[in-house]
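Fold and contact review
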Amino acid sequence: MVVADPPRHPRWRGRISTTLDLIRANPTGRIALKVFIAIAGALVVTIGIALIPLPGPGWLLVIAGLGIWAVEYHWARRLLGFTRRHVHGWTQWVKRQSLLVRIVLGSVGLVFVGVVVWLSLKYSLGIDVVAKAMHYLATH
């Protein structure tokens, strides 16, 4: 009978955990850690929220900010767990769908990103890509 070794965390996780425990052992360190985690998480979440309308890592940064907050705050740990469960559920649901449904979902996602890019360019930089394309097609 073969007994598997219990799963071990990577070495760096143990070091980080030990370092955080040492910081929390000191009352001043505990407060400083809470303040640092709060500010760092808020900064990452704020940048992520600002980037959500643009194509790119907006949601990824919001989730990373939640991960930073989850180091010290229980509510963030619960919210991060909720988010992970729902993202995992969504991806499992999409994997079970037919190829046609996945193509439609991908197409809707691409159209959404295209519209967001177009609106971002139009209203933030004043560049109307659609009008320029229509003008180019009409003159050439």
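In what follows, the structure referred to is the one given above.
Okay, so let's go over this structure. (Residues numbered from 1 in each chain as written. Predicted model: local features only at pLDDT ≥ 70, side-chain atom pairs only at ≥ 80, totals over all residues. Heavy atoms only, no water.)

Points about a nonpolar patch on the surface
The grouping of Val 111, Val 115, Leu 119 and Tyr 123 at the surface amounts to a nonpolar patch, some 390 Å² of accessible area in total. Note on placement: Tyr 123 falls in helix H5 (residues 99-125). (Patch = residues over 30% accessible without salt bridge, like charges linked within 9 Å, V, L, I, M, F, W, Y side chains within 5 Å. Areas by Shrake-Rupley, 256 points an atom, 1.4 Å probe, with all protein chains shown as cover. Salt bridge = Lys/Arg side-chain N within 4 Å of Asp/Glu carboxyl O. Helix = DSSP H or I, 4+ residues; strand = E, 2+ residues; numbered from the N terminus.)

Here we look at the nonpolar core
Within the largest apolar cluster, nine residues are counted, these being Leu 20, Leu 33, Ile 37, Val 45, Leu 66, Trp 69, Ala 70, Ala 76 and Leu 80. Breaking this core down by element, the ones donating at least two residues are helix H2 (27-51), helix H3 (58-70) and helix H4 (74-96). Other than its neighbours up to four places away in sequence, Leu 33 contacts Leu 20, Ile 23, Arg 24 and Glu 72. (Core = buried A, V, L, I, M, F, W, Y, C linked by side-chain atoms within 4.5 Å. Buried < 20%, exposed > 50% of the residue type's maximum accessible area, 1.4 Å probe, protein only. Contact = heavy atoms within 4.5 Å.)

Things to note about H4
The end-to-end C-alpha distance of H4, which contains 23 residues, comes to 33 Å, matching closely the 33 Å that a straight helix rising 1.5 Å per residue would cover. Looking only at H4, the buried set comprises Ala 76, Leu 80, Thr 83 and Val 94. Against H3 and H5 lie the buried residues of H4. (Expected span 1.5 Å × (residues − 1).)

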